[in-house]
Amino acid sequence: MTTQVSEHPATRVRAREAPAPRPRIRGRSAAALGVITGCNAMIQLDDPIVNIALPGMREGLGLSAVGASWVINAYLLAFGGLLLLGGRAGDLLGRRRVFMAGVALAVRSASRPWSRCPRGPAG
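Numbers given to residues run from 1 along each chain, matching the order in which its sequence is written. Residue-level local features of this predicted model are given only where pLDDT is at least 70; pairs of side-chain atoms are given and counted only at 80 or more, and the full residue set underlies all totals for whole chains, interfaces and linings. The side-chain figures draw on all heavy atoms in the structure; neither hydrogens nor water molecules are used.

Here we look at the overall build of the chain
Here comes step 1: Think of it this way: any DSSP run of H or I at least four residues long counts as a helix, any run of E at least two long counts as a strand, and we number them from the N terminus. The helix and strand inventory of the chain stands at three helices and zero strands.
Here comes step 2: Order of helices (α) and strands (β) in the chain, N terminus to C terminus: α-α-α.
Here comes step 3: Counting all 123 residues of the chain, 7% fall into the buried class.
Here comes step 4: When contacts within the chain are restricted to residue pairs at least 6 apart in sequence, long-range pairs at least 24 apart make up 29% of them. Three labels apply to residues, based on accessible area from a 1.4 Å probe with only protein chains included: buried if under 20% of the type maximum, exposed if over 50%, partly exposed otherwise in between. By the convention used here, residues are in contact when the closest approach between their heavy atoms is within 4.5 Å.

A look at the pattern of salt bridges
Side-chain pairs of opposite charge can arise whenever the charged atoms involved come near each other.
Here comes step 1: Every case where a carboxyl oxygen of Asp or Glu lies within 4 Å of a side-chain nitrogen of Lys or Arg is listed as a salt bridge. Overall, the coordinates contain one salt bridge when judged by the stated rule.
Here comes step 2: Of the charged contacts, one joins Asp 91 and Arg 95 as a salt bridge, the two residues approaching to 3.1 Å between their closest N and O atoms.
Here comes step 3: Residue Asp 91 is classed as partly exposed on the basis of its relative accessible area of 44%.
Here comes step 4: With a relative accessible area of 64%, Arg 95 lands in the exposed category.

Some details on the confidence of the model for the chain
Here comes step 1: Here pLDDT means the predictor's own confidence in every residue, given as a number from 0 to 100. Overall, the predicted model of the chain reaches an average pLDDT of 78, with 74% of residues at or above 70.
Here comes step 2: The secondary-structure element of the chain with the lowest mean pLDDT is helix H1 (residues 27-61), recorded at 83, while helix H2 (residues 65-93) shows the highest, at 88.

Some words on H1
Here comes step 1: With 35 residues, H1 should cover 51 Å at 1.5 Å per step; its first-to-last C-alpha distance of 49 Å lies within 8% of that length.
Here comes step 2: Where H1 bends most, the angle comes to about 45°, and this point is Leu 54, followed within four residues by the proline Pro 55.
Here comes step 3: Inspection of H1 places Cys 39, Val 50 and Leu 54 among the buried residues, and these make up the whole buried set.
Here comes step 4: Here the buried face of H1 lies against H2 and helix H3 (95-111).
Here comes step 5: Just past H1, the residue Gly 62 takes up positive phi, approximately 70°. Between the first and last residue of a helix there are one fewer steps than residues, each counted as 1.5 Å, and that sum is the expected span. The reported bend at a residue is simply the angle between two axes, fitted to the 7 residues ending at it and to the 7 residues beginning with it.

Here it is as structure tokens:
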């Protein structure tokens, strides 16, 4: 609803309407928001983890400064490519199904004890 204070076109002032009340998040929506927020936090933590591990990787693999920068570039390229692949898979197979499969895969791979691998984490 707008009202005009003055009839002159240059001095028209419109009254603002009160903002609509925001809906509350309940039940499954709140759980979904929590899962998505947690997954976003995991994604944001990946890059600093690689950067923190980079000096040890550089020393252990005998990389130069340029080679170490390629470690970050390769990580980001792989991440971006898999992000695009996951988006397309979500379009074709259903976003919820692909999201839940990705979360399950991440949890499974993060919780696997390395003692079962024959050569440790590199194996």
